[in-house]
Amino acid sequence: MQRLLPKSIRQWIPTYEMLVPHPTMPRVLGTSRVFGTSRWIATAIAVCTLGGATGCQSFSRPPSLFPSDSSLYDVPDEDGGHHASESNSFGDVARKNTTRVVNFVTMREQENVTKAKDLYKQGDTVFRQAGTMNDEEAKTTFHKAAKLFRRANEASPGTALQQDAMFMQAESLFFADRLKEASEVYTELQKTYPRNRHNDRITARLFSISRYWIDTEKATEGKWKFLNLTDHKRPITDADGHAIRVLDQIRYDDPTGKLADDATMAAAAENIRQGKFEKADEFLTDLRETYTDSDHLFLAHLLGIRCKLEMYAGPQYSGLVLDEADKIVKQTRTRFPDKLREEKYSEILARAASEISFHRAERLATRAQFRENKKEYGAARYYYNELLKSHQDTPHAETARTRLAAIEKLPDVPTPQLAWLTTVFPDSKASTPLETTFDNGEERPETDSPTMLR
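Residues numbered from 1 in each chain as written. Predicted model: local features only at pLDDT ≥ 70, side-chain atom pairs only at ≥ 80, totals over all residues. Heavy atoms only, no water.

Notes on the overall build of the protein chain
The number of helices and strands found in the protein chain is 20 helices and four strands. A buried classification covers 37% of the 454 residues belonging to the protein chain. Summarising the internal contacts of the protein chain: among those between residues at least 6 apart in sequence, 57% fall at separations of at least 24. As displayed, the protein chain has an accessible area near 28200 Å², and 53% of this comes from carbon and sulfur atoms. (Helix = DSSP H or I, 4+ residues; strand = E, 2+ residues; numbered from the N terminus. Buried < 20%, exposed > 50% of the residue type's maximum accessible area, 1.4 Å probe, protein only. Contact = heavy atoms within 4.5 Å. Areas by Shrake-Rupley, 256 points an atom, 1.4 Å probe, with all protein chains shown as cover.)

See the structure below:
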């Protein structure tokens, strides 16, 4: 190969034969070549550097420098044969070698579709054997099958075989009770192949995993929790947080799927259990606006009202959430008249409406008291009258009547302090005359505008 290169290039790239191996060179670097000398480090750096130099003119192939026979650039394909194609440029070969080095260093399986098929068949055989076993023996065998499917996955990137291998790897981990690892592989498959043919089953698996984690947290609620270092079914810590993230990922990966609304409601319910009402309100709002035909729609309205009321911080803060809660109450009465025929639901909604009215009356009473303390009795009377007009059935109504009677004859605004000083010392700024006349007796316009005077 070096005889085809000018002397300057041979001196500049001493490891060129290692970067572009001859078709007969073994695909995996030998032990002596890798670990024998420091040449391994220089080679790896050169490979990684040249791998992205496809479009660089300095590494393009001059037609006068290389022979036209393209068989020199044949590289072994996945089936072990050789093929010549236009894609086998210097940059493509460098990238493939870079991938081989990276896979070798990270202990991943080298790309080989034929070997991937064999590994998949072995994994499938072990998987079926595990189905006939019991308890711990079956879990161990399923875990062994997962390792075989993982190797098949690594050996066939970008192929349909990889999709099936990733799915079966996750399934094996699922039945081996390694739920955290299974959820990660399921999620990676959804991210890599958003429209894969296993989508529905993946969604169902992830939903069941998240529900298991939530139920586990409910069972241990109120107890001391330590880092989980022994149970492969649960994350190391924060199992309920992981469950919510998985449910949210289901909605993101498959927003029109069968379980999208179920995942949304489950995430909202778990946030309510944890007291995170703002996050729960986001999920419930999404459910009401996006999944209008969901079976959870009525419950989303009731829980949405409760979340809004829990988010309300008091009369000293914004009352926007009260307006939003009142809007949901009206929507519920309009959309679900049949549901409200049941006494328990109608009572829940009536109680929520009364609570909203109480908070609004409290806000008006607080504003009126503030104005009254500043002796702005006109504004205080306005707020008291508004309270009586809209919220007569609240406890604040009686207080409003009492205070209105007490401030009825008081002035609307307080008398300015030291007002007599204005009379003694009037404003020094001259007032504009109301009417003046010119020397000839004609009336001057009532303006100081130079234009009008002209």
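Notes on helix α17 (residues 377-390)
Residues separated by three or four positions in an α-helix point in the same direction, a consequence of the helix having 3.6 residues per turn. Compared with an ideal rise of 1.5 Å per residue, which puts 14 residues at 20 Å, α17 spans 20 Å between its outermost C-alpha atoms and is within 8% of the ideal. For α17, the set of buried residues is Y377, A380, R381, Y383, Y384, L387 and L388. What you see down the axis of α17 is that its buried residues fit within an arc of 165°, all on one side. Buried positions along α17 lie against α16 (343-373) and α18 (396-406). (Expected span 1.5 Å × (residues − 1). Arc of directions from axis to C-beta.)

Here's the deal with helix α14 (residues 297-311)
Over its 15 residues, α14 runs 21 Å from end to end, which matches the ideal 21 Å to within 8%, given 1.5 Å per residue. For α14, every residue scored as buried is listed here: L297, F298, A300, H301, L302, G304, I305, C307, K308 and L309. Packing partners of the buried residues in α14 comprise α12 (260-273), α13 (277-290), α15 (320-335) and α16.

Some remarks on unusual backbone geometry
In the Ramachandran plot, D135 falls in the positive-phi region, its phi being about 50° despite a non-glycine side chain. Counting through the fold element by element, D135 comes out in helix α7 (residues 135-155).

Some details on the packing of aromatic side chains
A complete count under the given rule lists nine aromatic pairs for this structure. Following the ring pairs from residue to residue traces out a cluster consisting of F127, F142, F174 and F175. (Phe/Tyr/Trp six-rings, centres within 6.5 Å; stacked < 30°, edge-to-face > 60°.)

Considering the nonpolar core
It is characteristic of soluble globular proteins that their nonpolar side chains tend to be buried jointly. Formed by 66 residues in total, the largest nonpolar core has its most connected members in Y186, W213, L247, I250 and I305. Ignoring sequence-local partners within four residues, the contact set of Y186 consists of F167, A170, E171, F174, I202, R205, L206 and I209. One finds L364, A368, L388 and I407 within the second-largest nonpolar core, a separate group that totals 14 residues. (Core = buried A, V, L, I, M, F, W, Y, C linked by side-chain atoms within 4.5 Å.)

Details of a nonpolar patch on the surface
A grouping of L227, L229 and I236 is seen on the molecular surface, where their side chains present a nonpolar patch of about 360 Å² in accessible area. If you trace the backbone, I236 turns up in the loop between α10 (199-219) and α11 (239-253). (Patch = residues over 30% accessible without salt bridge, like charges linked within 9 Å, V, L, I, M, F, W, Y side chains within 5 Å. Salt bridge = Lys/Arg side-chain N within 4 Å of Asp/Glu carboxyl O.)

Re the packing of α14 against α15
Orientation of α14 relative to α15, taken along the N-to-C sense of each, is 160°, at an axis distance of 9 Å. Considered as vectors, α14 and α15 are oriented roughly antiparallel to each other. Once α14 is placed against α15, the crossing between them reads as left-handed. Within the contact between the two elements, α14 uses F298, H301, G304, I305, K308, L309 and M311 and α15 uses V321, L322, E324, A325, I328, V329, Q331, T332 and R335. Counted by class, the contact of α14 with α15 contains nine nonpolar, four polar and three charged residues. (Axes fitted to C-alpha atoms, helices over the stretch in contact; angles between N-to-C directions. Parallel < 35°, antiparallel > 145°, perpendicular 65-115°, else oblique. Left-handed = near helix turned anticlockwise from the far one by under 90°. Nonpolar A, V, L, I, M, F, W, Y, C, P; charged D, E, K, R; others polar.)

Quick look at the environment of K375
Along the chain, the position of K375 falls in the loop between α16 and α17. The exposure class assigned to K375 is partly exposed, which follows from its relative accessible area of 48%.

Side note on the side chain of E154
Inspection of the secondary structure puts E154 in helix α7. By relative accessible area, E154 is classed as buried at 9%. Not counting residues within four places of it along the chain, the set of residues in contact with E154 comprises R108 and E109.

What to know about the pattern of salt bridges
By the definition in use, this model includes 34 salt bridges. For the salt bridge of R273 with D240, the shortest nitrogen-to-oxygen distance reads 3.7 Å. Linking R273 in helix α12 with D240 in helix α11, this pair joins segments that are 33 residues apart in sequence. A salt bridge links D248 to R251, with the nearest nitrogen and oxygen atoms 2.5 Å apart. Of this pair, D248 and R251 are both found in helix α11, three residues apart, which corresponds to roughly one turn of the helix. When its relative accessible area of 33% is taken as the criterion, D248 is described as partly exposed. Since its relative accessible area comes to 13%, R251 is described here as buried. The network of salt bridges with common partners includes E221, D240, E270 and R273.

Things to note about the side chain of D254
On the secondary structure map, D254 appears in the loop between α11 and α12. Separated by 3.3 Å, the side chains of D254 and N199 make a polar contact. With residues up to four places along the chain from it excluded, the contact list for D254 reads N199, D200, T203 and A260. (Polar contact = N/O pair within 3.5 Å; in protein donor to acceptor, adjacent residues only side chain to side chain.)

Observations concerning the packing of helix α6 (residues 113-130) against helix α8 (residues 160-175)
In the contact formed by α6 and α8, the axes pass within 11 Å of each other and the chain directions differ by 30°. Regarding the angle of α6 to α8, the classification is roughly parallel. Here α6 runs over α8; the crossing is left-handed. For the pair formed by α6 and α8, the contact residues are V113, A116, K117, Y120 and F127 on the first element and L161, D164, A165, M168, E171, S172 and F175 on the second. Considering only residue class, the contact of α6 with α8 consists of eight nonpolar, one polar and three charged.

Side note on the environment of A365
Examined against the element boundaries, A365 turns out to sit in helix α16. On the basis of relative accessibility, which here comes to 18%, the residue A365 falls in the buried class. Sequence-wise, A365 and Y383 are 18 residues apart; in three dimensions their C-alpha atoms are separated by 7.0 Å. For A365, the residues in contact, after removing those within four places along its chain, are L387 and H396.

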